[in-house]
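Observations on chain architecture
Listed below, chain by chain, are the residues.
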Amino acid sequence: MMKIDRRAALALLAGLAATTVSGPASALAITDYSDDSLPKLEAWGKPYLLDFYASWCVTCAAQQRVLDSLIKADPRYASILIVRVDWDKYGRGELVQRMAIPRRSTLVMMRGATELGRLVAETREDKIAALLELGVS
């Protein structure tokens, strides 16, 4: 396991904060995936949600609406960073192949390099809430 020192952790958090979507205090923290960000996220040690999405994907948009609704209902979910993996850019990439991601609209809860759970093309609020619970428990 790669150790991360305090300075690197602060730099990671500052970088993530700089790319986070701004909004109300209870907004979900969202950042875009890059190949360089994955080792930092894995070393971070906190839960994060990989959201394999496409801007044109209707299911992805429905998932986002559910995520927005869930954060309004339960602010504990705001502590989970959502890392959006653009399917059009990374859909044939190493991450997708290594994780055996079958399609866009896949949500994967991670802690470090460990997968805690996943949903594929799921838009039911109770299922997405159960996945988020893996990141707050």
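Just so it is clear, the structure is predicted and the values come from calculations on it, not from any experiment. (Residues numbered from 1 in each chain as written. Predicted model: local features only at pLDDT ≥ 70, side-chain atom pairs only at ≥ 80, totals over all residues. Heavy atoms only, no water.)

Section: the side chain of Gln-63
Mapped onto the elements, Gln-63 comes out in helix 3 (residues 58–73). Gln-63 gets classed as buried once you look at its relative accessible area, which sits at 1%. Within polar-contact distance, the side chain of Gln-63 engages the backbone oxygen of Glu-122 at 3.0 Å. (Helix = DSSP H or I, 4+ residues; strand = E, 2+ residues; numbered from the N terminus. Buried < 20%, exposed > 50% of the residue type's maximum accessible area, 1.4 Å probe, protein only. Polar contact = N/O pair within 3.5 Å; in protein donor to acceptor, adjacent residues only side chain to side chain.)

Focus: the packing of aromatic side chains
Both the distance between ring centres and the angle between the ring planes are used here to describe each pair of aromatic rings. Counted by the stated rule, this structure contains one aromatic pair. Judged by centre distance (4.8 Å) and plane angle (85°), the rings of Tyr-33 and Tyr-90 are edge-to-face. With Tyr-33 in the loop between strand 1 (29–32) and helix 2 (37–44) and Tyr-90 in helix 4 (residues 87–90), this residue pair connects regions lying 57 residues apart in the sequence. This pair shows no difference in class: Tyr-33 is buried, exactly as Tyr-90 is. Over the aromatic face of Tyr-53 sits the side chain of Arg-84, whose NZ or CZ is 3.7 Å from the ring centroid. (Phe/Tyr/Trp six-rings, centres within 6.5 Å; stacked < 30°, edge-to-face > 60°. Lys NZ or Arg CZ within 6 Å of the ring centre and 35° of its normal.)

A closer look at helix 6 (residues 125–136)
Taking 1.5 Å per residue, 12 residues should reach 16 Å; helix 6 reaches 16 Å between its end C-alpha atoms and fits that length. When helix 6 is considered as a whole, its buried residues turn out to be Ile-128, Ala-129, Leu-131, Leu-132 and Gly-135. What you see down the axis of helix 6 is that its buried residues fit within an arc of 160°, all on one side. On its buried face, helix 6 is in contact with strand 2 (47–53), helix 3, strand 4 (106–111) and strand 5 (114–120). (Expected span 1.5 Å × (residues − 1). Arc of directions from axis to C-beta. Contact = heavy atoms within 4.5 Å.)

Examining unusual backbone geometry
For Ala-100, which is not glycine, the phi torsion reads 55° and is therefore positive. Take Ala-100: it is sitting in the loop between helix 5 (94–99) and strand 4. Relative accessible area serves as the criterion here: at 53%, Ala-100 is assigned to the exposed category. Although it is not a glycine, Ser-105 sits at a positive phi angle of roughly 65°. For Ser-105, the location among the structural elements is in the loop between helix 5 and strand 4. With relative accessibility at 0%, the residue Ser-105 sits in the buried group.

Observations concerning the sheet that holds strand 4
Judged by pairing direction, the sheet is mixed, and its five strands sit side by side in the order 1-3-2-4-5 without closing on themselves. The sheet is open, and its two edges are formed by strand 1 and strand 5, each paired on a single side. Direction aside, the axes of adjacent strands within the sheet are offset by 25° on average. Sheet topology places strand 2 next to strand 3 (residues 81–86); six bridges connect them, and they run parallel. Opposite Asp-51, over in strand 3, you have Arg-84 as the bridge partner. This element, helix 6, spans strand 2, strand 4 and strand 5 of the sheet and lies at about 15° to strand 4. (Pairing = 2+ DSSP bridges. Axes fitted to C-alpha atoms, helices over the stretch in contact; angles between N-to-C directions.)

Details of the pattern of salt bridges
Inspection of the entire model under this criterion finds five salt bridges. Taking the shortest distance from any N to any O, the salt bridge between Glu-122 and Arg-124 comes out at 2.7 Å. Classification of Glu-122 by relative accessible area gives buried; the value is 13%. A relative accessible area of 47% means that Arg-124 is categorised as partly exposed. If you follow the salt bridges from partner to partner, you end up with Asp-74, Arg-76 and Glu-133 in one network. (Salt bridge = Lys/Arg side-chain N within 4 Å of Asp/Glu carboxyl O.)

All we've got here are geometric facts, nothing functional implied.
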